[in-house]
Amino acid sequence: MSKVIGIDLGTTNSCVAVLEHGEPLVIPNDEGSRTTPSVVAFTRDGDRLVGQIARRQAVTNAPRTVSVAKRLIGRKYDDAEVQKSIDQVNYTIERAENGDAWVRIDGRSWSPQQISAIILEKMKSIAEAYLSEKVTEAVVTVPAYFNDAQRQATKDAGRIAGLDILRIINEPTAAALAYGMGRHGHERVAVFDLGGGTFDVSILEIDNGVFEVRSTNGDTFLGGEDFDNRITTWLVEQFAKETGVSLAGDPVAMQRIKEAAEKAKHELSNTTETEIHLPFVTATPSGPLHLMAELSRARLEALCSDLIDRLEAPCRQALSDARLKPGNLDAVLLVGGMTRMPRVQEKVAEIFGKAPERGINPDEVVAVGAAIQGAVLKGEVKDILLLDVTPLSLGIETAGGLSEPIIGRNTTIPCRKSKVFTTAQDNQDMVRVHILQGEREFADDNKSLGHLEMHGLPPAPRGLPEIEVTFELDSNGILHVQARDRGTGKAQTMRIVSNSGLHEGDIEQMIGDAEQFREQDHERRLAAEARNRLDGLIYTTRRSLDEYEELLEAGNARMIRDALTLAEQAMETGGSPVILQAHEGLAVAAQRIAESIYAAARSHPPNETAGGVGPSLALGGELIDDE
Ligand code: AMP
């Protein structure tokens, strides 16, 4: 049975884990790191880079390097979050035909689903390399606050990557699973998850293997990037004050400052003072300018104090929704790299009245939980049951533009609920069900998930028809809607896909593109391997030629030298076929060296008694007949 992997598809970093012999294992990538930057880049030559290698070249290739795609996935271009990202990233975000936010690089448009698919594919290949087997199934985590469109879009990303996403689970829930596996008894825990892009908090009840999410809350506009931006803005202002030069319009300088800002933030989690030094940050007619600044932990905390304050309200709301007081909690778990910041930890302790748990790796715990859930779905782990909740209310628009909830926030999923509605006008022959997500009273203030139309109602005075609307929320948090006329029994159903951004045809097309890239990548690997082989053969042939040239006939030596020249030319300029040909030519020519060595040995046999007999070579007991 093939393994199900757990993937934490993070805004800044992703992590993959698997359960082996009942134990969760975080899988290191090809560079030995246990997390991989969620960064995708396209080079000038059209090559695709993912992870650390993409992140490393971000400074020099900023407009072709896509980071924080998770902030765009499943969102419209006009969404406030997208508008905010446009100012913060160095690549182009465009409005796609369907109104979604897409990425544009070198004249080609990419949906965030495709970018996320590239990251998922990378995580899949990391797992495959480690497990030495193909992986086709995964559990992927999303912030608890992700709405239907964002979840659906994440599932689509999985399909494009060739992964069957068996389940989407919420990041804090995954963390609680990782914490609670193997623990007995009854515990109430809060999971506080502050990552690169979002903030989530969940309250869970763990009772002998049953994990029940009691409430969840958060802020999709709050994460580590906001802290980095505060430092970046401060640095740019300081620089402008000192030199009179604004760096704001210089993407390379801004990228360097952003990276330095994040590094300084990390350092200030361990020290109280750090220096930021960026030589040659820009050039003016009077010469190059360097950026130098000193940042203290206290100043960082002052720059970000309002961000820290915004952590409080979602925690209080989650506690109140779970009908708990801080004192009722048994543990507080920290998730996400930002929870390494001392001020964040202090704030957590202030809010919950207790120090957070130690000994949990905030970067890995979510992927571990996803891997555990994968094993639960496969039946490998039996004593765990996960009962998650929906983070936002789901309802429909009613007369006067009101929003009428059908499934309330924090309802345990999967669930199914119905309500009966009627018509607003006489002889209405159709009803249009406008499906909404959110807590606001008016439809306009909530997120529109789509419309379901039911035609062919028999003529009737208003208020008489009975239209039953049923919402079914599956375990991935994805909504299925049915409207049924109780009079005629006629029904209309839909799965909410319209706002995931991609239609079936788009997805098929993207799967095809991804496969094409897989083929290209495969071919590129074969080409690289052929080059490496030829490089190795050139090296050994040259060495052997230097050593044994006097044993070779002049004609043979010339032939080998010619083959070497051809091979070196092929290495300089040749494509795959030329490299393969050159390899074959050189391999045949190089055999002459060995032939000459053995021929010389035969005509001058060594004196066997002279140096004694060395250890015999036992090659499967085969003796080579000399004559
Ligand atoms: P995640 O999305 O969980 O990978 O969290 C990434 C965020 O955590 C980024 O904003 C990082 O800059 C931040 N982060 C990682 N390590 C540290 C650290 N030692 N101190 C402060 N922030 C950190």
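Report follows, based on the coordinates. (Residues numbered from 1 in each chain as written. Predicted model: local features only at pLDDT ≥ 70, side-chain atom pairs only at ≥ 80, totals over all residues. Heavy atoms only, no water.)

Section: the overall build of the chain
So, step 1. What the chain contains, in helices and strands, is 15 helices and 28 strands.
So, step 2. With the C-alpha coordinates of the chain rotated into their principal frame, the extents come out at 110 × 65 × 55 Å.
So, step 3. Split into buried and exposed, the 627 residues of the chain put 50% on the buried side.
So, step 4. Put simply, of all contacts in the chain between residues at least 6 apart along the chain, 65% involve residues at least 24 apart.
So, step 5. Approximately 29700 Å² of the chain is accessible, and the part contributed by carbon and sulfur atoms is 49%.
So, step 6. The chain carries 67 positive and 95 negative side-chain charges, and their two centres are separated by 4 Å. (Helix = DSSP H or I, 4+ residues; strand = E, 2+ residues; numbered from the N terminus. Buried < 20%, exposed > 50% of the residue type's maximum accessible area, 1.4 Å probe, protein only. Contact = heavy atoms within 4.5 Å. Areas by Shrake-Rupley, 256 points an atom, 1.4 Å probe, with all protein chains shown as cover. Lys, Arg positive; Asp, Glu negative; His and termini not counted. Charge placed at Lys NZ, Arg CZ, Asp CG, Glu CD.)

A look at helix H5 (residues 171-180)
So, step 1. With 9 of its 10 residues buried, H5 lies for the most part within the structure.
So, step 2. The complete set of buried residues in H5 reads Glu171, Pro172, Thr173, Ala174, Ala175, Ala176, Leu177, Tyr179 and Gly180.

Comments concerning the nonpolar core
So, step 1. One finds Ile5, Ile7, Val16, Tyr91, Ile93 and Leu120 to be the most contacted residues of the largest nonpolar core, which totals 50 residues.
So, step 2. For this core, the element with the highest residue contribution is helix H3 (residues 112-131), accounting for 9 residues.
So, step 3. Contact partners of Ile93, with chain neighbours within four places excluded, come to Leu72, Tyr77, Val82, Ser85, Ile86, Ala101 and Trp102.
So, step 4. Among the nonpolar cores identified, the runner-up in size contains 46 residues, and Ala190, Leu295, Leu319 and Val348 belong to it. (Core = buried A, V, L, I, M, F, W, Y, C linked by side-chain atoms within 4.5 Å.)

Details of unusual backbone geometry
Peptide bonds are mostly trans, and most non-glycine residues show a negative phi.
So, step 1. Residue Ile413 is joined to Pro414 through a cis peptide bond whose omega torsion reads 0°.
So, step 2. Mapped onto the fold, Pro414 is located in the loop between strand E22 (412-413) and strand E23 (415-421).
So, step 3. The phi angle at Ser132 is positive, at roughly 55°, despite the residue not being glycine.
So, step 4. You can see Ser132 is positioned in the loop between H3 and strand E11 (137-142).
So, step 5. Despite not being glycine, Arg323 has its phi angle at roughly 55°, a positive value.
So, step 6. Secondary-structure assignment places Arg323 in the loop between helix H10 (312-321) and strand E18 (331-335).
So, step 7. On the basis of relative accessibility, which here comes to 73%, the residue Arg323 falls in the exposed class.

Regarding the packing of H10 against helix H11 (residues 342-352)
So, step 1. Contact geometry for H10 and H11: axes closest at 11 Å, N-to-C directions at 35°. Crossing of H10 over H11 shows right-handed handedness. Judged by residue contacts, Glu312, Cys315, Arg316 and Leu319 of H10 engage Lys347, Ile351 and Phe352 from H11. (Axes fitted to C-alpha atoms, helices over the stretch in contact; angles between N-to-C directions. Left-handed = near helix turned anticlockwise from the far one by under 90°.)

Considerations on helix H7 (residues 251-267)
So, step 1. For H7, spanning 17 residues, the distance from its first C-alpha to its last is 24 Å, which sits close to the expected 24 Å at 1.5 Å a residue.
So, step 2. Buried residues of H7: Ala253, Gln255, Ile257, Lys258, Ala260, Ala261, Glu262, Ala264 and Lys265, and no others.
So, step 3. The inward-facing, buried residues of H7 contact helix H1 (52-56), helix H2 (80-88), helix H6 (224-243), strand E16 (273-284), strand E17 (287-296) and helix H8 (297-303).
So, step 4. Here H7 starts with a cap whose side-chain oxygen sits 3.2 Å from the backbone nitrogen of Val252, and that cap is Asp250. (Expected span 1.5 Å × (residues − 1). Polar contact = N/O pair within 3.5 Å; in protein donor to acceptor, adjacent residues only side chain to side chain.)

Quick notes on the site of the ligand
So, step 1. In the vicinity of the ligand, 13 residues are found, and the nearest of them are Gly196, Glu262, Lys265, His266 and Ser269.
So, step 2. A distance of 2.8 Å separates an oxygen atom of the ligand from a polar backbone atom of Gly196.
So, step 3. For the ligand, an oxygen atom lies 3.1 Å from a polar atom in the backbone of Met338.
So, step 4. Counted by class, the shell around the ligand contains 1 nonpolar, 9 polar and 3 charged residues. (Near = heavy atom within 4 Å. Nonpolar A, V, L, I, M, F, W, Y, C, P; charged D, E, K, R; others polar.)

Overview of the sheet that holds strand E15 (residues 210-219)
So, step 1. In spatial order, the strands read E18-E13-E14-E15-E19-E22; together these 6 strands make up an open sheet with mixed pairing. Either end of the sheet is taken by a strand with one partner, and the two such strands are E18 and E22.
So, step 2. Summarising the sheet, strand E14 (residues 199-207) and E15 pair through 9 bridges and their orientation is antiparallel. Counterpart to Val201 in the pairing with E15 is Asn217.
So, step 3. Packed onto the sheet, H11 meets strand E13 (186-194), E14 and E18 and runs at close to 140° relative to E13. (Pairing = 2+ DSSP bridges.)

A closer look at the sheet that holds strand E27 (residues 479-485)
So, step 1. With antiparallel pairing, the 4 strands of this open sheet are ordered in space as E23-E26-E27-E28. Only two strands of the sheet have a single partner each, and these edge strands are E23 and strand E28 (491-495). Pairwise comparison of adjacent strand axes, ignoring direction, gives a mean angle of 15° for this sheet.
So, step 2. Note that E27 and E28 share 5 bridges and pair antiparallel. Bridging across to E28, Val481 finds its partner in Met494.

Structural notes on the environment of Thr154
So, step 1. Tracing the backbone shows Thr154 in helix H4 (residues 148-160).
So, step 2. For Thr154, a relative accessible area of 2% gives the class buried.
So, step 3. Separated by 178 residues in the primary sequence, Thr154 and Val332 place their C-alpha atoms 28 Å from one another.
So, step 4. Those residues within four positions of Thr154 in sequence are excluded, and the remaining contacts are Leu9, Ile73, Val140, Val142, Phe146, Ile165 and Ile168.

Some thoughts on the side chain of Asn446
So, step 1. Mapped onto the secondary structure, Asn446 falls in the loop between strand E24 (430-437) and strand E25 (447-455).
So, step 2. Relative accessible area serves as the criterion here: at 10%, Asn446 is assigned to the buried category.
So, step 3. A polar atom in the side chain of Asn446 sits 3.3 Å from the backbone nitrogen of Glu439.

Some words on the packing of aromatic side chains
So, step 1. Taken as a whole and judged by the stated rule, the model has 2 aromatic pairs.
So, step 2. Arranged with centres 4.9 Å apart and planes meeting at 55°, the rings of Phe192 and Phe199 form a pair that is tilted. Pair check on accessibility: Phe192 and Phe199 agree, each one buried.
So, step 3. A cation over an aromatic ring shows up here: Arg108 above the ring of Trp110, its NZ or CZ 4.0 Å from the ring centre. (Phe/Tyr/Trp six-rings, centres within 6.5 Å; stacked < 30°, edge-to-face > 60°. Lys NZ or Arg CZ within 6 Å of the ring centre and 35° of its normal.)

Considering the pattern of salt bridges
So, step 1. Summed over all chains, the structure comprises 43 salt bridges.
So, step 2. The network of salt bridges with common partners includes Asp309, Glu312, Arg316, Arg343, Glu346, Lys347 and Glu350. (Salt bridge = Lys/Arg side-chain N within 4 Å of Asp/Glu carboxyl O.)

With respect to the packing of H3 against H4
The geometry of a pair of packed helices is captured by two quantities: the angle between their axes and the separation between those axes.
So, step 1. Orientation of H3 relative to H4, taken along the N-to-C sense of each, is 55°, at an axis distance of 8 Å. As summarised for this structure, H3 and H4 are arranged oblique, according to the angle between their axes. The two elements H3 and H4 meet at a crossing, and its hand is right-handed. Contact with H3, carried on its side by Gln113, Gln114, Ser116, Ala117 and Leu120, involves Ala153, Asp156, Ala157, Gly158 and Ile160 of H4 and no other residues of that element.
So, step 2. Among the residues making up the contact of H3 with H4, the classes are represented as 5 nonpolar, 4 polar and 1 charged. (Parallel < 35°, antiparallel > 145°, perpendicular 65-115°, else oblique.)

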